[in-house]
Amino acid sequence: MQIAATQIYKTYHKSLDSASREVLTGLEMKVSSGEKLAIMGPSGSGKTTLLNLLGTLDTPDKGKIVFGNDDLGALPESAILELRNRKIGFVFQFHHLLPQCTLWENVLLPTLPIKGDKKEFHNHAEELLKYMELWEYRNSKPAELSGGECQRTAVARALINRPSLLLADEPTGSLDEKNANQLMDLLVNINKEMGITLIIATHSMDVAERMDKIFRIKNGKLEQV
């Protein structure tokens, strides 16, 4: 088992004079290594919240999340940061590439805090950009490329540190049908060929149906479809 979330609660407090909003209420989840699964639900149901908790970008109010052998709630912040950088990759609806940097530089950004020989990272970046069919654009900047090419670059950036888990939050939401299908082909192949666990939050049933399992967040809990 790669991830186990037990009795997860998360409430948001907008301001002192507004009502609290419970998003997750006793959610349970287990994910095995190498699985690919979809999380569905309407806007505001907690899809992004759940991905942020699994990716250590946020913490639950109550409950326990275990990643491999690590109880995330018991780790110091330094260990959380290292785990996030080395074991978890993120892809968002918008690529968030730095506009002043080339594709090559954007892909290598997550490696900057890591000490040691950079040659391995450079070799891996080359492999990834060739895998994404982006090698010829490595010296281009994001504004010079299509949305699909930028999103594929964001996937390469997410994989540069060889994570065991890839979290994708509405990764096709800003793409047209052709580029969305191309990106999904890529993500499915990454899961199959690299053995990376894939969790996608999506509104699209077409996207969800390409996963091994589909879950829906309903009333703050997770139900398998």
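Note that the structure is predicted; figures quoted are calculated from it, not measured.

Asker: Mind showing me how you'd approach helix H5 (residues 147-159) here?
Answerer: Helical geometry note: an α-helix holds 3.6 residues per turn, so side chains three or four residues apart project in the same direction. The end-to-end C-alpha distance of H5 is 19 Å, a good match for the 18 Å that 13 residues give at a rise of 1.5 Å each. Of all 13 residues in H5, twelve are buried, a share of seventy percent or more. Residues of H5 that are buried include every one of Gly148, Glu149, Cys150, Gln151, Arg152, Thr153, Ala154, Val155, Ala156, Arg157, Ala158 and Leu159, and no others. Residues of H5 that are buried in the fold lie against strand S6 (88-91), helix H3 (103-108), helix H4 (119-131), strand S7 (165-169) and helix H6 (177-194).

Asker: Explanation requested: empty space enclosed by the protein in the structure shown.
Answerer: In this approach the atoms are scanned with a rolling probe the size of a water molecule, which exposes any empty space left behind. Evaluated as defined, the whole model comprises one cavity of 30 Å³ or more. Sort the elements by how many residues they give to the lining of the largest cavity and S7 lands first, with three residues. Its residues assigned to classes, the lining of the largest cavity shows six nonpolar, one polar and one charged.

Asker: Teacher, can you tell me more about the pattern of salt bridges here?
Answerer: Between side chains of opposite charge, a pair can form as their charged atoms come close. Scanning the entire structure with this criterion turns up seven salt bridges. Lys10 is the partner of Asp61 in a salt bridge, and the nearest nitrogen-oxygen pair spans 3.8 Å. With a gap of 51 residues between them, Asp61 in the loop between helix H1 (47-54) and strand S4 (62-67) and Lys10 in strand S1 (residues 3-13) connect regions that are remote in the sequence. In this structure, the salt-bridge partner of Glu126 is Lys130, at a minimum N-O distance of 2.7 Å.

Asker: How should the pairing of S6 be read in this particular structure?
Answerer: Consecutive side chains along a regular strand alternate between the two faces of the sheet. Residues Ile88 and Phe90 line one face of S6 and the alternating positions Gly89 and Val91 line the opposite face, and both faces are buried. Summarising the sheet, S6 and S7 pair through four bridges and their orientation is parallel. Following the sheet pairing, Gly89 is matched in S7 by Leu166.

Asker: Can you walk me through the sheet that holds strand S8 (residues 197-201) in this structure?
Answerer: The strands that make up a sheet pair up through hydrogen bonds in the backbone, lying either parallel or antiparallel. Pairing within the open sheet is mixed, and its six strands lie in the order S6-S7-S8-S3-S9-S10. Both edges of this open sheet fall to S6 and strand S10 (221-224), since each of them pairs with a single strand only. Direction aside, the axes of adjacent strands within the sheet are offset by 20° on average. Sheet strands in contact with H1 are strand S3 (36-40), S6, S7, S8, strand S9 (213-218) and S10, and its direction is about 155° off that of S7. Along the sheet face, H5 touches S6 and S7 and points at about 165° away from the line of S6.

Asker: Can you help me understand the layout of surface pockets in this one?
Answerer: Estimates place the volume of the largest pocket at around 320 Å³. Looking at the largest pocket, it is lined by 16 residues, and the ones nearest its centre are Asn85, Ile88, Gly89, Phe90 and Pro110. Classifying every residue of the lining of the largest pocket gives ten nonpolar, four polar and two charged. Estimates place the volume of the second largest pocket at around 230 Å³. Together, 15 residues line the second largest pocket, and Asp58, Thr59, Pro60, Leu72 and Gly73 are the ones closest to its centre. Breaking the lining of the second largest pocket down by element, the ones donating at least two residues are S4 and helix H2 (77-87). Classifying every residue of the lining of the second largest pocket by side-chain character gives six nonpolar, four polar and five charged.

The rules we used
Residues numbered from 1 in each chain as written. Predicted model: local features only at pLDDT ≥ 70, side-chain atom pairs only at ≥ 80, totals over all residues. Heavy atoms only, no water. Helix = DSSP H or I, 4+ residues; strand = E, 2+ residues; numbered from the N terminus. Expected span 1.5 Å × (residues − 1). Buried < 20%, exposed > 50% of the residue type's maximum accessible area, 1.4 Å probe, protein only. Contact = heavy atoms within 4.5 Å. 1 Å grid on protein atoms, 1.4 Å probe; cavity = no way out; pocket = protein on both sides within 12 Å on 5 of 7 lines; lining within 4 Å. Points joined across faces, edges and corners; volume = space filled by probe spheres on them. Nonpolar A, V, L, I, M, F, W, Y, C, P; charged D, E, K, R; others polar. Salt bridge = Lys/Arg side-chain N within 4 Å of Asp/Glu carboxyl O. Pairing = 2+ DSSP bridges. Axes fitted to C-alpha atoms, helices over the stretch in contact; angles between N-to-C directions.

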